[in-house]
Amino acid sequence: MPTFPPTAKSARRIWEAAMAEAPLLDVKGLEAWYGESHVLHGIDFDVRKGEVVTLIGRNGAGKTTTLRSLIGVVGKRRGACIYKGADLLKVAPHKVARLGIGYVPEERGIFSSLTVLENLLFPPAWQAGGMAVDEIYGLFPNLKGRDSTSGTRLSGGEQQMLAIGRILRTGADFILLDEPTEGIAPVIIEEIGAALRILKDRGMTIILVEQNLRFAASIADRHYVLDQGKVVDEISNNALDANMDRLNRYLGV
Amino acid sequence: MTDIFGVPIAVLLGQLLLGLINGSFYALLSLGLAIIFGMLNVINFAHGAFYMLGGFAAWLLLSALGLGYWETLIAAPLMVGALGAVVERLFLKRLYRVDHLYSLLLTFGIALMLEGLLRHVYGAAGKPYPIPPSLTGGINLGFMFLPMYRAWVIVASLAVCIATWLAIERTKLGAYLRAATENPGLVQAFGINVPFMLTATYAFCVGLAGFAGALAAPLYQVSPGMGSSVIIVVFAVVVIGGMGSIGGAIVTALALGIIEGLTKTFYPAASSIAVFVVMVLVILIRPSGLFSREA
Amino acid sequence: QDAAPVRIGVLTDVSGQFSHEAGEGSITAVKMAVEDFGGKVLDRPLEVVVADHQNKPEVAVSTAREWYESQGVTMINNLINSGIALAVTQVAKDEDRIAIVNGSGSSRLTNDGCTPNSIHYSYDTYALANGTANQLILQGMKNWFFLTADYAFGHALEADATQIVKDNDGEVSGSVRYPIETSDHSAFMLQAQASPAQVVAMAGSGTTFINAVKSAAEFGLAASGKTVAGLLVWDTDVHSLGLETAQGMILTNAFYWDRDDATRAFSKRFEERVGRPPHMGDAGDYSSTMHYLKAVEAAGTTDAQKVMAKMRETPINDFFAKNGKIREDGRMVHDMYVYQVKTPAESTGEWDILKLVTTISGDDAFRPLSESQCPLVKN
Amino acid sequence: MNSTTMVSSLEPPRTRRHRTTGGLLLALVALLMICAPLAIYPLFLIKILCFALFAAAFNLVLGYAGLLSFGHAAFFGGAAYITAHAAKVWQLPFELAVLAGTAFAALLGLAFGTLAIRRHGIYFAMITLALAQMIYFMAVQMPFTGGEDGIQAVPRGYLLGIIDLRDITAMYYTVLGGTILGLVIIWRTVNSPFGHILSAIRENETRVTSLGLKPERYKLIAFTLSAALSGFAGALKAIAFQLASLVDVTWHMSGEVILMTLLGGMGTLIGPIVGASIVVGLEHFLSTSGLPITFIIGLFFVVCVMMFRRGVFGELKALLERSKP
Amino acid sequence: MPDSAPIIEARALTRSFSGFIAVKNVDLKIRAGTIHALIGPNGAGKSTLFNLLTKFLSPSSGQILFKDRDITQMAPADIARLGLVRSFQISSVFPHLSAHENVRVALQAHAKETFAFWKSNATLRRFNEEAARLLDSVGLADRAQTKAAELSYGRKRALELATTLALDPEVLLLDEPMAGMGTEDIGRTAALIRSVGKGRTVLMVEHNLGVVSDLSDRITVLRRGEVIAEGSYADVSADSEVRKAYMGGSHG
Ligand SMILES: Nc1ncnc2c1ncn2[C@@H]1O[C@H](COP(=O)(O)OP(=O)(O)OP(=O)(O)O)[C@@H](O)[C@H]1O
Ligand SMILES: Nc1ncnc2c1ncn2[C@@H]1O[C@H](COP(=O)(O)OP(=O)(O)OP(=O)(O)O)[C@@H](O)[C@H]1O
Ligand SMILES: CC(C)C[C@H](N)C(=O)O
Ligand SMILES: [Mg+2]
Ligand SMILES: [Mg+2]
């Protein structure tokens, strides 16, 4: 497995971030429910500005639910998620995006009643600094020329690209990505990885939920391991190789 | 004079025009219904009741407050729309996530309540509402006598329909609404205030029905039952045009008005079935309606 | 010794589409009759029970049966809605109790649907169509156009009027049967306008009738020299149309509140309680209940056949009818009146709506027994 | 019996105790119905039974097949007309008249089903509504129905040629027998291999296709069966009340049966029966109450949609299940 | 047995969507008893090809043969009945039925115990054991009573597989069976596919190259609707076209 030694640039950023006073996002004791069932039992983690942090864990560990809790599409939540000083749990769901948070959902969330172009242009750009449509096409050439196709008629992988692409337009500088490589061909995974590194270099902060460890390791700074609705471990990317055994145990390999 | 199946051409032309006018009425009603279905995923059985309320509001404003026709035409839809907003906030809002059977039943119940209430308070007999003096009389078109008021109806309703169509199809609003029916949580996550948008949409569409009611008051008996007799036909229009297709609803409404008018001329006994026959045929040939987005 | 109350039932439409033709008005009328009678008959207290049949025949039938069988109801009144009237009169026959119809107009009630236990009291389709047609023919308007609601009731009105027109060498130059759901009649107005007819007769009732008259006014039928006639018009219909729209229309009625001092006296009392003057249904409800109670008193029993016999043999003389009599087919025969709707200028009050054109004697107004298909009539 | 709902009946076998409770409950209801005429006016009970059967039959398509039919009045009212006509004009004996009505409803159901079954959701509802409206207009205009007057004085005849149905008690037990027969058929259908496939179709039609089954066929069978049983209910009602009327073919009747089903609890066997009793009882009570009936019925719709979405019986069951360990 | 007769054969299969050609002139032979993988970049037409083979979509032109029989005109349900069964790329379960019930419905369909509306549902008990076994084989034994809707994404995939297996198909078409699964499940599922693959034919779309190389006897690579390579894993991964179009730099 290839390793990606941190570049000088990103090393400096990590150091800068570490120096910064408060983390960009600080999640404390987050609990969440689906109806009656209690799914998250006190999640704690933080993300500093410019960092890429992954959440990993077995199926059903609560990774998706954690992201959903942050943007407010889960029914009942408790705890605190302090983002830029505000508690996300107390922000009206439709105002979360306006804080510059972008979300790429697990099941992609492409709207079938909208065309590809409409899907792409859908999320309002709440902040400056978003990518232009052509730039996005450059990143994902598959989407080019499909403007008037209904969104869900795209292939699985193309829908994934569309889901990522549309967030890049909004100028969000904090992105929650739920398994972006699922169903994506290896070449394109590499491209997405490259794109994410570019975004990171531009100062974007990312939470990444991933099953593909190899991919995660190629861009992340730190990894949080979730199990049964709790954060059970934190491993920095540098220490990943050294801790592979421990990690495999968590993941049940 | 030339005849077509025994009907003089002049009479036929007149019938076509009248059909078109009726169609523009249907358009006003089915437009709102189509938007509510397409965007909110609600089968709004109360649409007829709101239409009726529009008529009643017009009558009340006239008889109790002495408001003139033009003021009424603006105030009545606003009142109905406001009531619609309340209904959406209090009830419908909680039903978006469950099977749309429930919103159908809810609106069915609301229709019964409104109809029952008005009948209880104002009686089953209708209320008189005269044609405004500025619009009485008619124009002789040569082939027919066209009452002024009917001419005004077609102008007013088409203008409103087209304005609505532009507002929804030519702006991002339409995309927001359509997406919100599919996945409201996600749309919200993109920073759009979905609940507000839905309330406003419902209120607006119901307001359109109220507008139609106020427009109809001088033509038809303003009575508690006036809504339930048109609602089924308007539903058929929406189904034929393709649920959720706004332009489709308008065009279909006009076409059906004409078809109905022609049946009234050639075989009046079948005129109320005509719409349903067309509907069954269309659904068999093009299941999702003539103008629906889905193939 | 038997102090069990005598109960009279009012089975009517309180909340539905016919509630202005019956409903509260009919209930009040029957209650007034009971009060005026003294609240007692045969030394037994009188009670009025009321039910809203919601225009559902099976609600009406089960209520009627329950009333007759286990609630001691001896007579049921009003019975608006022809389907219900036809069904409940059968129940009355089965149970051997009495049913008096004031709401419904179907002349089948004294024709093929007649029973020895039922009375059709205030009006019927035959008398209404007949009165109006005769009068207009008399005025020389022999060319007719019918706008008919496509159901049994409309057909009956049209058929009866057509008969009169034909018998008098008149001509029917056109007839449209529109489905009862129709709310827009403009298409038919064009046809009526294009026809050479002098009279445009509306054979329908309720909303569909009102909408037809509204379009007639809108399309200026009267202005183009045609006479609009309603074959079944209630005072409340005229009121809800407004005189502006309805003026000039010819119609036949069994009762008008402003006819004479007696009617005005009753109407005043009625209006105090209901908020509007009584129409032919209300007046009939009162008059028939009174007649029934007098017959019970005279017969000394509530036994249906004995009371029916008494009612048949006693002529009715009150504010509603002069020398009214009940025939063996159950038809109460009395004078009918042809009215014309006043113009707004002629009217002096909200309910000052009709002016008398002529009076038709009872024997001319109703279907002669010789034409009856009622099995009770021995021709 | 195992349980009355589809979903839970698919679960592995329940404990014996649960079954006995279910059986006891049913026995109790049966006993109640047998003794009921002693306390309650039989014609009123007959009405409840007819509507209970109608709602239960309707529930077969709504609750179990997930098809919202907005045209069931056509079967109920259509069969009533045919039965009334058969008994009155053709003078057929009771059994044959009822059979004629039921068969008519079944055929009509097959026809409606064939036209509508490929469409989903609201389209299905609207097509069934449109088709039923045609039946309604035909009933208004065809001479044999008597238009808005309806058909009256329908003879009740004799059961098996011997028992005089003019006796209200005899009539009641006959209708009770018919209703139980109908309910048993529904119960068996729902709790059969066929019923399981039906509920799978309701859940995910595409997946059922990929399992090698043709969903349309199952839905069509269920729809036809439901139409036939609705017709059976209408036929019994026509005989018991000795009339057939337009009310039974209006779209309001189609709406009312939805209310009954929903009010009681859709997708349960007892639910529609409870719902029918409530609606019929309410109608009966309100008719003499002087309250505005339409308004109150509407209010009931609203309250029940907002507060008891599972229906009275469904809520009760959920409550019981929650309280169980 | 790479030389056994083809059980499925596609001849010049083409499908276009209003001008856009998703599958272009594809010739494909799947030999009986093999595990055959279909790979290719996103949008290459893999799922479309699947849909064509199972007739969830109709081809614009071309021919499909199953055991030398032309099935191009058959209905999807009939094809499934012949023994050609698919799973879906986006999970397709019966959401309100438990996992156990999900599988049992499939067993029932397979046993043709579906029309009998007069029979008692007790007849279905005979499927319980088999359903439990299947669930166990995909690692869902402890979730048997959970409603499918409440399973996490990965577990839904496993359930999907179990349901498909319940039909005991001769040919199994799996569309990205591993997508969304965690490492732990991937291993188990791969083992499972290998074991059910014995005596059956499996056609599989998968982006996880580890799994593909591990499982498949033969691989077809599609790109923009066309076949660009076919052969063993070693063969295709050596192909520079394939590397460029699909695998990228990091695989070898
Ligand atoms: N809609 C729901 N209703 C009830 N329970 C749910 C729902 N969605 C998820 N769960 C449960 O919540 C738990 C956490 O699910 P979550 O989707 O967050 O897991 P995950 O870590 O994202 O897993 P995966 O890798 O499979 O996506 C699981 O046990 C799952 O069964
Ligand atoms: N119904 C349709 N209408 C229009 N285009 C379609 C339709 N179905 C598929 N396509 C297009 O056909 C192409 C092939 O799609 P397909 O789903 O077969 O890809 P795939 O190879 O399965 O990709 P992935 O690996 O991403 O799942 C895609 O570009 C897709 O957008
Ligand atoms: C109320 C009425 C005017 C008439 C009603 N259709 C009936 O016959 O009885
Ligand atoms: Mg997840
Ligand atoms: Mg695919």
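What comes next concerns the included structure. Model, not experiment: these values are computed from the prediction.

### Description of the sheet that holds strand 6 (residues 101-104) of chain A
Residue and element names in this part refer to chain A. One open sheet accounts for 6 strands, arranged 6-7-8-3-9-10; its pairing is mixed. The open sheet has two edge strands with one neighbour each: strand 6 and strand 10 (230-236). Strand-to-strand, the axes of this sheet are offset by a mean angle of 20°, without reference to chain direction. In this sheet, strand 7 (residues 174-178) lies alongside strand 6 in parallel orientation, the contact comprising 4 bridges. Bridge pairing in strand 7 places Ile101 opposite Phe174. Contacting strand 6 and strand 7, helix 6 (residues 156-168) runs over the sheet at an angle of about 175° to strand 6. Contacts from helix 9 (residues 244-251) reach strand 3 (52-57), strand 9 (222-227) and strand 10 within the one sheet, and its direction differs from that of strand 10 by about 155°.

### What to know about the environment of Asn204 of chain D
Tracing the backbone through its elements, the reader meets Asn204 of chain D in the loop between helix 8 (193-203) and helix 9 (205-210). For the pair Asn204 of chain D and Arg166 of chain D, spaced 38 residues apart in the sequence, the C-alpha separation amounts to 49 Å. With near-sequence residues (within four places) excluded, Asn204 of chain D lies in contact with Ser92, Val93 and Phe94 of chain E. A polar contact of 3.4 Å, which involves the side chain of Asn204 of chain D, links it to the backbone nitrogen of Thr206 of chain D.

### Some remarks on the side chain of Asp285 of chain C
All names here are of chain C. Mapped onto the fold, Asp285 is located in helix 11 (residues 280-299). Of note is the side chain of Asp285, whose polar atom sits 3.0 Å from the side chain of Asn78. The residues touching Asp285, leaving out its near neighbours within four places in the chain, are Ser26, Ala29, Val30, Asn77, Asn78 and Asn102.

### Topic: empty space enclosed by the protein
Scanning the entire structure with this criterion turns up 8 cavities of 30 Å³ or more. What lines the second largest cavity is a set of 14 residues, and nearest its centre among them are Phe45, Ala111, Glu115 and Ser228 of chain B together with Trp251 of chain D. Breaking the lining of the second largest cavity down by element, the ones donating at least two residues are helix 2 (47-65), helix 4 (100-122) and helix 9 (226-241) of chain B together with helix 11 (251-264) of chain D. If one sorts the elements of the lining of the second largest cavity by residue count, helix 4 of chain B sits on top with 4 residues.

### What to know about the site of ligand 2
The local shell around ligand 2 holds 21 residues, among which Ser155 and Gly157 of chain A together with Lys46, Ser47 and Thr48 of chain E are the closest. The environment around ligand 2 is built from residues contributed by chains A and E. One of the backbone N or O atoms of Arg153 of chain A is found 3.3 Å from a nitrogen atom in ligand 2. A distance of 2.8 Å is found between an oxygen atom of ligand 2 and a side-chain nitrogen or oxygen belonging to His207 of chain E.

Reading guide: rules and limits
Residues numbered from 1 in each chain as written. Chains lettered and ligands numbered in written order. Predicted model: local features only at pLDDT ≥ 70, side-chain atom pairs only at ≥ 80, totals over all residues. Heavy atoms only, no water. Pairing = 2+ DSSP bridges. Helix = DSSP H or I, 4+ residues; strand = E, 2+ residues; numbered from the N terminus. Axes fitted to C-alpha atoms, helices over the stretch in contact; angles between N-to-C directions. Contact = heavy atoms within 4.5 Å. Polar contact = N/O pair within 3.5 Å; in protein donor to acceptor, adjacent residues only side chain to side chain. 1 Å grid on protein atoms, 1.4 Å probe; cavity = no way out; pocket = protein on both sides within 12 Å on 5 of 7 lines; lining within 4 Å. Points joined across faces, edges and corners; volume = space filled by probe spheres on them. Near = heavy atom within 4 Å.

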